[in-house]
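What follows is the residue order along each chain.
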There are 2 protein chains.
Amino acid sequence: MSLASSPAPLQLRRLGIDTYQEPVVFLHADCPVCHSEGFEALARVCVSAGARSLIATLNVVTTSLVRMDEVGLSEAAWQILGSHHDEPVTVTHPEPLHSFSAVRAKIYGQAFAPEDLRAVMADISAGRYSGLELAAFVTACASRPMSDDETLALTRAMADAGARLAWPERPVVDKHCVGGLPGNRTTPIVVAIAAACGLTIPKTSSRAITSPAGTADTMETLAPVDLTLKHMRRVVEHEGGCLVWGGAMALSPADDVLIRVERPLDFDSDSQLVASIVSKKLAAGASHLLVDVPVGPTAKIRTPAAAQHLGAQLRRIAGALGIEARIVLTDGTQPVGRGVGPALEARDVLAVLRNAPDAPADLRERALLLSGHLLELGGKAALGQGAERARSTLDQGLALRKFEAICRAQGGQREPPQSRLQRVIVAARRGQVQAIDNRRLAKVAKLAGAPKSPAAGLELQVRCGQPVEAGQPLFTLHADSPGELSYAGTYADANPAIQLSGGSA
Amino acid sequence: MSLASSPAPLQLRRLGIDTYQEPVVFLHADCPVCHSEGFEALARVCVSAGARSLIATLNVVTTSLVRMDEVGLSEAAWQILGSHHDEPVTVTHPEPLHSFSAVRAKIYGQAFAPEDLRAVMADISAGRYSGLELAAFVTACASRPMSDDETLALTRAMADAGARLAWPERPVVDKHCVGGLPGNRTTPIVVAIAAACGLTIPKTSSRAITSPAGTADTMETLAPVDLTLKHMRRVVEHEGGCLVWGGAMALSPADDVLIRVERPLDFDSDSQLVASIVSKKLAAGASHLLVDVPVGPTAKIRTPAAAQHLGAQLRRIAGALGIEARIVLTDGTQPVGRGVGPALEARDVLAVLRNAPDAPADLRERALLLSGHLLELGGKAALGQGAERARSTLDQGLALRKFEAICRAQGGQREPPQSRLQRVIVAARRGQVQAIDNRRLAKVAKLAGAPKSPAAGLELQVRCGQPVEAGQPLFTLHADSPGELSYAGTYADANPAIQLSGGSA
């Protein structure tokens, strides 16, 4: 009887196992709590230590990997509980997941009520849904399309499940890009132009999840981005804009959890995409939103019709929540600028802001187009005159001055690092560039070490339609270690990302 | 360069981590193959050793849990690859999962074509679907209901993805129960009666997955069940019937994989349930099938209307595949017989076969009802006269003789083991038994050690409607270790499974 009534105290142990975002705990098969609670592999368990607790998936261990009095934690679980590892630990059955019955009802054709979605999003944000349950929710939403009422309720529920920022001024503008093209780093330029023209633009960005660089990774090579909310507010107050990492702000945290399953499944619905975008902006306190939708065969949105459909729903939902949205369709057929990777993209951004003669023209023109729309949306230019105002702001050096001021306010501007090693990939023969595979190029840049090594990535030296000679450079790899340079080169040689007329390069 | 072109040979290592059926592999973050292939946590990877390979989910390890030249394997992965651990090991990107695009199309409303389902089932059987992908498939089938054509194609595809048995005789009869009630162990009795009456009934059964006992677990306390296909054929040839474990026969293996996600999600569609049942019987070579559908508030099927709907679809699909099916609705409000757990259920079965005066009447009557239907279905009794023939077969001892002959042919009959420890759970007060919670009772039996300890489980001493005095035994726990007896007792005390009039027992 003593086994069940007074079990040995349990201790947390960090196992150093990366299971991505899903918390996993490891208990020994002979651990008393496994017996007394009847736990089996893949059970969902609640682990509490001190004031914190988490719901995790259980793996049962039969070797000495964990002792009978230990609770082994994956990295995601350790991030939540690790600081409490010297406090008493309990492992129990979690509360039943009541909100999942609304997901079951949706699967069988019943619409979500607003309170259903509120409960589902609260549970998802708190990490109470398993991967299987998340996949079922995402699939149900895609196969039983949501009405505008449901999408609106979902968006509200997602924003309400996390923190909300509020700003004294209006308008508060924001921009978003659906589905990144490699190198499409217009945000720092757009923020600098908009803030230089007097708009309030408190921009929070993400780090890369599966891409070679997120806007926060690129900005971090130019200035600190890991600001407290208080520091961020001070920057916006003084400069009108900021360029910070949004991860610490917990804006629409359910979105970050849902992305974890949408990405490997490689599908989402327009409703979920709209809710994802608008909930983040609603939580960030935006009143006006510009959305860049690149359209192309290897981009997220493949046809103009699909982009129009998405845009219309996005305007409706954002509008119903008090956010005026404008959608801009852009060319998604090839990367933007030359650099792919944090520092290499930062160099392109600086070249455009500095009006350097060799600044990539496509990045400059795209940033001006988006800035123009944003100035019109925010009331700083008449309809059709935004692009002109953006151009003169950039050409006169006002955008550069504003960007430098923002960097100083965030903690000081710095120069992006240089890579230690380079290798040039050349055309095997003469021909014309017919297509560039965005996904393969992104993969090459990641194998070279981006974004973990900020200087790593690649520089693209050709554009679609351009004629090339045999031996002419197509792109240059940048890496900090010989191993990574080699991995990226081997992959690039075996998987040509640039297609020449009549065959591969 | 040498790192990428000639990596150190990798070695398999068993980590003893039970992840249930999902194979997981663990690579060190600094393992060369992680770099050269660009693997990240949760990537799907293909591990090959000798002639075998598997697709698994990757966990990345940053501690000394695995060395840089090791591939750590979960138990499910070790079962597949472990015997090849001294052969060269490679870890590569798996082939893209083309069949999942049909699942995506289904999500967006397109019906499955037969060749889609064939490809999906082949991939699922081969373990190429991740848990997330399985959850998406199951959810899509439930939220975009399948037509009869789709269900038929699914059933065929599931059966074709595994082994198929063929028998020289016709009819070949089989029986199945939808959603087990604790103790509902009619199968050994039904097989004995049917075979004694001259029917061919090559019965394959499963072990428990989450219940306290499967038919194979119960039978194993009476005779060997782990037969080769050749041995099984010999038993059926001589005795007309057998009672063996079907796990080694690989009949409709996709079904076993799908159950892994349907169970935690706690939903399935009629189409999936029908395909699951009929595909197994099609693969087992049945021509006639009897299906027992217990109906009750804590059973799988809760209303007669739901049972009728399921039954009609089952008859249509089975019929289209050349199997004549009959559905019998039975009482699913409380357990059947007295024992719950392998040996305890086996004792009930023996008591009925031996016509013992204390044999549980409900188990006997239910077995006779089902046997009667099966004799009619298989042409061994006229309509309405099957139950009578079953009764006389049992009463004259012919069923017992046949059962003993089957046990001998399978390797020899044995007596079920006795538990070492018992504890009686008594009524706290006087009252009448109002309801019995099947799920809680099953849980108590599992905590006591069933089915791992074959003698463990419980004996039920009351039925619904029965008056009880304070202190009267409600059920007796059976266990082989003091710890397990204690766990089961503690849980039973805290979670009354038997409800008395005016409150809990």
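Everything numeric in this text was worked out from a predicted model, so none of it was measured.

Engineer: Looking at this structure, I do not really get the overall build of chain A. What am I missing?
Structural biologist: Across its full length, chain A holds 19 helices and 20 strands. For 505 residues, the compact-globule formula gives about 23 Å, and the C-alpha radius of gyration of chain A, at 25 Å, lands near that figure. Overall, the C-alpha framework of chain A stretches about 80 × 50 × 45 Å when taken along its three principal axes. In chain A, 79% of the contacts between residues at least 6 apart in sequence involve partners at least 24 apart. With an accessible surface of roughly 19,300 Å², chain A has 52% of that area assigned to carbon and sulfur atoms.

Engineer: What exactly am I supposed to notice about the sheet that holds strand β14 (residues 421–426) of chain B here?
Structural biologist: Sheets are built from strands that pair by backbone hydrogen bonding, the pairs being arranged parallel or antiparallel. All names here are of chain B. Reading across the sheet, the four strands line up as β13-β16-β18-β14 and stay open at both edges, with antiparallel pairing between neighbours. The two strands at the open ends of the sheet, each matched to only one other strand, are β13 (339–340) and β14. Along the sheet face, helix α19 (residues 482–494) touches β14 and β18 (473–479) and points at about 10° away from the line of β14.

Engineer: I'm lost on the relation of the copies chain B and chain A in this one. Help?
Structural biologist: Mapping between the two chain copies consists of a rotation about an axis together with a translation along that axis. Structural alignment of chain B on chain A gives an RMSD of 0.1 Å, achieved by rotating through 179° and translating 0.1 Å along the axis. Taken together, the rotation angle and the small translation identify this as a two-fold axis. Taken together, the interface assignments show that 100% of the residues at the interface of chain B recur at the interface of chain A, consistent with an identical surface on both copies.

Engineer: Can you walk me through the confidence of the model for chain A in this structure?
Structural biologist: If pLDDT is low for a region, its predicted coordinates should not be looked at in detail. All names here are of chain A. For chain A, mean pLDDT is 92; residues scoring 70 or higher make up 97% of the total. Every residue in residues 1–6 scores below 50 in pLDDT, and together they form eight contacts with partners more than four places removed in sequence or on other chains. In the model output, the complex is listed with pTM 0.89 alongside ipTM 0.87.

Engineer: Help me out: how do you make sense of the interface of chain B and chain A in this one?
Structural biologist: The parts lose accessible area when they come together, and the size of an interface is often stated as this lost area. Chain B puts 55 residues into the contact, and the matching count from chain A is 55 residues. When chain B packs against chain A, close to 4,500 Å² is buried across both sides, 63% of that on carbon and sulfur atoms. Across the chain B-chain A interface, the total number found is zero salt bridges. Across the chain B-chain A interface, the total number found is eleven residue pairs in polar contact (both at pLDDT 80 or more). With nine residues, helix α6 (residues 131–143) of chain B is the largest single contributor of residues to the side of chain B that touches chain A. In terms of residue class, the side of chain B that touches chain A is built from 28 nonpolar, 16 polar and eleven charged. Note that strand β2 (residues 17–18) of chain A and strand β5 (residues 52–61) of chain B share two bridges and pair antiparallel. Its bridge partner lying in β5(B), A:I17 is registered against B:V61.

Engineer: Teacher, can you tell me more about the pattern of salt bridges here?
Structural biologist: Oppositely charged side chains can pair when the atoms bearing their charge come close. Enumeration over the complete set of coordinates arrives at 51 salt bridges over all chains. Of the charged contacts, one joins A:D217 and A:R207 as a salt bridge, the two residues approaching to 3.7 Å between their closest N and O atoms. A residue pair is termed long-range when its members are at least 10 positions apart, and A:D217 in helix α9 (residues 215–220) and A:R207 in the loop between β9 (201–205) and α9 qualify at ten residues. With its nearest N and O atoms 3.5 Å apart, the salt bridge here joins B:E70 to B:R67.

Engineer: What should I look at first to understand helix α16 (residues 386–395) of chain B in this one?
Structural biologist: One turn of the α-helix equals 3.6 residues, which is why residues spaced by three or four share an orientation. All names here are of chain B. Turning to α16, its buried residues number three or more, namely G386, A390, T393 and L394. For α16, the arc enclosing every buried residue in end-on projection is 95°, short of the 170-degree limit, so these residues lie on one face. The inward-facing, buried residues of α16 contact α8 (187–196), α14 (342–353), α15 (361–377) and α17 (398–409). Of the residues trailing α16, G397 is marked for its positive phi of about 80°.

Engineer: How should empty space enclosed by the protein be read in this particular structure?
Structural biologist: All names here are of chain A. Taken as a whole and assessed by the stated rule, the structure comprises one cavity of 30 Å³ or more. Looking at the largest cavity, its volume works out to about 40 Å³. In terms of lining, the largest cavity is formed by F137, L154, M158, D255, L258, E262, Q272, A275 and S276. When residues of the lining of the largest cavity are traced back to their parent elements, those giving at least two are α7 (148–160), α11 (253–265) and α12 (270–283).

Rules used in this analysis
- Residue numbers restart at each chain and count upward from 1, following the sequence in its written direction.
- Going through the entries in the order they are written, you letter the chains from A and number the ligands from 1.
- A pLDDT threshold of at least 70 governs which residues receive local features in this predicted model, and a stricter bar of 80 or more applies before side-chain atom pairs are shown or counted, although totals over entire chains, interfaces and linings include all residues.
- The side-chain quantities take in all heavy atoms of the structure and omit both hydrogens and water.
- A helix here means a DSSP run of H or I that spans at least four residues, while a strand means a run of E at least two residues long, and both kinds are numbered starting from the N terminus.
- The globule rule used here is 2.2 Å times the number of residues to the 0.38 power, and the radius of gyration it is set against is calculated over C-alpha atoms.
- The contact criterion used throughout is that any non-hydrogen atoms of two residues lie within 4.5 Å.
- Here, Shrake-Rupley sampling with a 1.4 Å probe gives the accessible areas, and only protein chains in the shown set may cover a residue.
- The pairing criterion for strands is at least two bridges between them, as found by DSSP.
- Only the contacting stretch of a helix is used when fitting its axis, a line to C-alpha atoms as for every element, and angles between N-to-C directions run 0 to 180 degrees.
- The copies were overlaid with a least-squares fit restricted to C-alpha atoms from residues scoring a pLDDT of at least 70 in each copy.
- For every residue, the predictor reports its confidence as pLDDT, a number between 0 and 100.
- Summed over both partners, the accessible area lost on bringing two parts together, with a 1.4 Å probe, is the buried area.
- Each reported salt bridge corresponds to a side-chain nitrogen of Lys or Arg within 4 Å of a carboxyl oxygen of Asp or Glu.
- A 3.5 Å cut-off defines polar contacts: any pair of N or O atoms within that distance qualifies, except that in protein one atom must be a possible hydrogen donor and the other a possible acceptor, and neighbouring residues in sequence count only when both atoms are side-chain atoms.
- Gly is placed with the polar residues, together with every amino acid not listed as nonpolar (Ala, Val, Leu, Ile, Met, Phe, Trp, Tyr, Cys and Pro) or charged (Asp, Glu, Lys and Arg).
- Under the scheme applied here, a residue whose accessible area is under 20% of the maximum for its type counts as buried, over 50% as exposed, and between as partly exposed, the area being computed with a 1.4 Å probe on protein chains only.
- Arc, as used here, means the arc of the directions from the helix axis to the C-beta atoms.
- Here a cavity means grid points, on a 1 Å grid over the protein atoms only, where a 1.4 Å probe fits yet cannot get out; a pocket means an open set of points with protein on both sides within 12 Å along at least five of seven lines; lining residues are those with an atom within 4 Å of a point.
- Grid points are joined across faces, edges and corners, and a volume is the space filled by probe spheres set on the points.

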